[in-house]
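Each chain is listed here by its residues.
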Amino acid sequence: MRFVKGHGTENDFVILPDPDGELDLTPEAVARLCDRRAGIGADGVLRAVRTKAMDLGGTGGPGAQGLDGAEWFMDYRNADGSVAEMCGNGTRVFARYLVDAGLADPGEWDIATRAGLKRVTLGASGDVSVDMGAPVALGSGEASLAGAVFRGERVSMGNPHLACRIDRPVAALDLTRAPDFDPEVFPDGVNVEFYRPVGDRHLEMRVYERGSGETRSCGTGTVAVAVAAAAGTDGPGEWTVDVPGGRLTVTLDGATSHLRGPAVLVAEGETRPGWI
Ligand SMILES: N[C@@H](CCC[C@H](N)C(=O)O)C(=O)O
């Protein structure tokens, strides 16, 4: 099995080229690939499948989902093998991979995801920007960490988020354990972000991701915290979000959201026969 390793602000991925949709990618295989001691190590897997070859189960196929306008489908999996609807950093790294592999040209085009088409913009090198679509603000919610309750805003970016504002540096949080939440409020689980304003439209953030644990960045999460922070301000604008793995820029214009930042490929190789 050939692979490429890449990251976006240190949210890292194993990319598996599978143009004809032939790989039987079980949750166990994903978890083994992502294992940081016994595997390659990553927060998630991005399987690169031609959209027309993507099996979407009983959903009527990519055409019925309106996805056939994109040549490539990003099949995203969390480190524990679970499927997620969307991954913002993954989309940016996926786009960089397609250009680097000669499978797409620099410019502007769509990637198909379980959360719909996502339009990426990129040059031959440098930052990658993605139109993340309209965030959906769902009202308040809460999670708890080591007995302390954190209130926040529930935001859907195709995947579920709870963006909690805190007033002390995010570095002070202990995120070694998963936050607890009410499964009736979050039946599909939730990615929990903790953010603090550090300047004008400038936030710092840490995240505990559903299916992956604490990661050093989360693209959908940075949009969610910008949406939460923008509530009660004069609205649209550009937000800088500092995460442990670097800096991302989020633009909210009232209709859609854009995420911009680095996307870097660092290695490629082949798994040993019989290992996966
Ligand atoms: N790191 C990602 C989000 C990945 C999916 C998430 N863990 C989920 O289960 O929803 C990003 O950059 O958006």
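Only a predicted model underlies this, so the values are computations on that prediction, with no experimental measurement involved.

Enquirer: Lay out the overall build of the protein in plain terms, naming residues and giving numbers.
Expert: Counting secondary structure elements, the protein contains 4 helices and 18 strands. Here the C-alpha radius of gyration of the protein, 18 Å, is about what a compact globule of 276 residues would show, namely 19 Å. Referenced to the eigenvectors of the C-alpha coordinate spread, the extents of the protein come out at roughly 50 × 40 × 35 Å. Split into buried and exposed, the 276 residues of the protein put 52% on the buried side. Considering only residue pairs separated by 6 or more positions, the protein has 62% of its internal contacts joining residues 24 or more positions apart. Here the protein displays about 11900 Å² of accessible surface, and carbon together with sulfur accounts for 47% of that area. Distance from the positive charge centre (27 side chains) to the negative charge centre (40 side chains) of the protein: 4 Å.

Enquirer: Explain the confidence of the model for the protein to me, using residue names and the numbers behind them.
Expert: When pLDDT is averaged along the protein, the result is 96, and 99% of the positions lie at 70 or above. Element-level mean pLDDT values for the protein span from 74 in helix H2 (residues 61–64) up to 99 in strand S2 (residues 11–17).

Enquirer: Any chance you could break down helix H3 (residues 88–100) for me, citing the residues and the numbers?
Expert: Along an α-helix, residues three or four positions apart point the same way, because every turn accommodates 3.6 residues. The terminal C-alpha atoms of H3, which comprises 13 residues, lie 19 Å apart, in line with the 18 Å expected from a rise of 1.5 Å per residue. Within H3, 12 of the 13 residues are buried, leaving the element largely enclosed by the surrounding structure. Every buried residue of H3 is listed here: Gly-88, Asn-89, Gly-90, Thr-91, Arg-92, Val-93, Phe-94, Ala-95, Arg-96, Tyr-97, Leu-98 and Val-99. A positive phi of about 75° marks Gly-102, the residue just after H3.

Enquirer: Describe the pairing of strand S13 (residues 202–209), with residues and values.
Expert: Of all 8 residues that make up S13, 8 are buried, and the element is covered over most of its length. Neither face of S13 is left uncovered, since the one carrying His-202, Glu-204, Arg-206 and Tyr-208 and the one carrying Leu-203, Met-205, Val-207 and Glu-209 both have all their residues buried. Where strand S12 (residues 191–199) meets S13, 7 bridges bridge the pair, whose relative direction is antiparallel. Pairing of Phe-194 across the sheet is with Arg-206, part of S13. Joining the antiparallel neighbours S12 and S13 is a turn of 2 residues, in which Arg-201 adopts a positive phi near 50°. Bridge count between S13 and strand S15 (residues 237–243): 3 bridges; the pairing is parallel. Paired with Glu-204 across the bridge in S15 is Asp-242. Between S13 and strand S14 (residues 213–215), which follow one another and run antiparallel, lie 3 residues, and Gly-211 among them has a positive phi close to 80°.

The rules behind these values
- Residue numbers restart at each chain and count upward from 1, following the sequence in its written direction.
- Local features in this predicted model are restricted to residues of pLDDT 70 or higher, and side-chain atom pairs are both shown and tallied only at a pLDDT of 80 or more, whereas totals for entire chains, interfaces and linings draw on every residue.
- No hydrogens and no water enter the side-chain calculation; it runs on all heavy atoms of the structure.
- Strands here mean DSSP runs of E at least two residues long; helices mean DSSP runs of H or I at least four residues long; both are numbered from the N terminus.
- Radius of gyration here is computed from C-alpha atoms only, and the compact-globule reference equals 2.2 Å multiplied by the residue count raised to the power 0.38.
- Each residue gets one of three labels from its accessible area relative to the maximum for its type: buried under 20%, exposed over 50%, partly exposed in between, using a 1.4 Å probe on protein chains only.
- Whether two residues are in contact is decided by their heavy atoms: any pair within 4.5 Å suffices.
- Throughout, the Shrake-Rupley method with a 1.4 Å probe supplies accessible areas, and for residues the shown protein chains are the sole cover considered.
- Positive: Lys, Arg. Negative: Asp, Glu. His and the chain ends are not part of the count.
- Lysine's charge is taken at NZ, arginine's at CZ, aspartate's at CG and glutamate's at CD.
- pLDDT is a residue-level measure of predictor confidence that goes from 0 to 100.
- One fewer than the residue count of a helix, multiplied by 1.5 Å, yields its expected span.
- Strands qualify as paired when DSSP identifies two bridges or more between them.

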